[in-house]
Amino acid sequence: MACSSTIRLNIGGKKFWTTVDTLTQREPQSMLAAMLSGPYSVSKTWIQHLWLDDYGHVFVDRDGKHFRHILNWLRDGVALNLYELQRLELFELLKEAEYYRLLGFVEKINEVLKMKDEQMNIDLTRADIIKYVRPCMAGNPIVKLRGTNLSGLDLSRLSYVGNNFVLVID
């Protein structure tokens, strides 16, 4: 088995095909690199020391849900859709990246989480609230502000009705 040969993985029941180079080159200190370049050379002897499933896939007892993100990171060094993931998914992916010791990927995920935290902590002014409520007046005069910090705002022209704000028109 040469270093650039393909390897079949079974990550928690999900099957992946990739190359040994993909798993070892971008993050050489990772668990995957250590697993594939340990004291055994990449040969028939080496493969006997890994846990194989019934179909000859290298088995890793982890949730395979996010492993495609990990493979894309290892292939390209880019995680294209991290910003689209919800916080819970990002924390799940962070846990997997930490398990595999993908330090560069861990850093990237933490950057995205920090950015999402900063977006959640943006304080709105009274003018911001009115700006969001006014366009709603043409149709439905309700705007939802879930998770928004409204402390310290003068909301005297807004009425809170049934978990929603309604603009009070004089």
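How each quantity is defined
- Residues numbered from 1 in each chain as written.
- Predicted model: local features only at pLDDT ≥ 70, side-chain atom pairs only at ≥ 80, totals over all residues.
- Heavy atoms only, no water.
- Helix = DSSP H or I, 4+ residues; strand = E, 2+ residues; numbered from the N terminus.
- Contact = heavy atoms within 4.5 Å.
- pLDDT = per-residue confidence, 0-100.
- Pairing = 2+ DSSP bridges.
- Axes fitted to C-alpha atoms, helices over the stretch in contact; angles between N-to-C directions.
- Phe/Tyr/Trp six-rings, centres within 6.5 Å; stacked < 30°, edge-to-face > 60°.
- Buried < 20%, exposed > 50% of the residue type's maximum accessible area, 1.4 Å probe, protein only.

*Asks:* Sorry, what's going on with the side chain of Ser5 here?
*Replies:* Position of Ser5 among the secondary structure elements: in the segment before β1 (6-11). Discounting chain neighbours no more than four positions away, the residues touching Ser5 are Thr18, Thr19 and Val20.

*Asks:* Looking at this structure, how should I read the side chain of His66?
*Replies:* Relative to the helices and strands, His66 resides in the loop between β3 (58-60) and α4 (67-76). When near neighbours in sequence (up to four residues on either side) are disregarded, His66 contacts Glu89, Glu92 and Leu93.

*Asks:* Help me understand the confidence of the model for the protein chain in this model?
*Replies:* Any region with low pLDDT has predicted coordinates that should not be read closely. A residue-level look at the protein chain finds 61% of positions with pLDDT of 70 or above and a mean pLDDT of 79. With pLDDT under 50 throughout, residues 40-46 is counted as low confidence; its partners more than four residues away or in other chains account for eleven contacts.

*Asks:* So what exactly am I meant to see when it comes to the sheet that holds β1 here?
*Replies:* The strands making up a sheet are joined through hydrogen bonds of the backbone, oriented either antiparallel or parallel. Sheet architecture is open: three strands sit in the order β2-β1-β3, paired in mixed fashion. Two strands close off the open sheet at either side, each with one partner strand: β2 (14-19) and β3. On average, each strand axis in the sheet is tilted by 30° relative to the strand beside it, whichever way the strands run. Packed onto the sheet, α4 meets β1 and β2 and runs at close to 5° relative to β2.

*Asks:* Would you take a moment to explain the packing of aromatic side chains for this structure?
*Replies:* A ring pair, where both rings are aromatic, is described by two values, the distance of the centres and the angle of the planes. Per the counting criterion, the structure on display carries five aromatic pairs. When the ring of Trp51 is compared with that of Phe59, the centres are 4.8 Å apart and the planes differ by 75°; the resulting orientation is edge-to-face. For Trp51, a relative accessible area of 57% gives the class exposed. When the centroid spacing of 5.1 Å and the interplanar angle of 80° are considered together, the rings of Tyr99 and Tyr100 count as edge-to-face. Under the relative-accessibility criterion, Tyr99 is labelled partly exposed at 36%.

*Asks:* Honestly, the pairing of β2 in this entry has me stumped. Any pointers?
*Replies:* Where a strand is regular, its side chains alternate between the two sheet faces. When β1 meets β2, the two strands line up antiparallel, connected through six bridges. Residue pairing for β2: Asn10 is matched across the bridge by Lys15. What sits between β1 and β2 in their antiparallel hairpin is a turn of two residues, with Gly12 showing a positive phi close to 55°.

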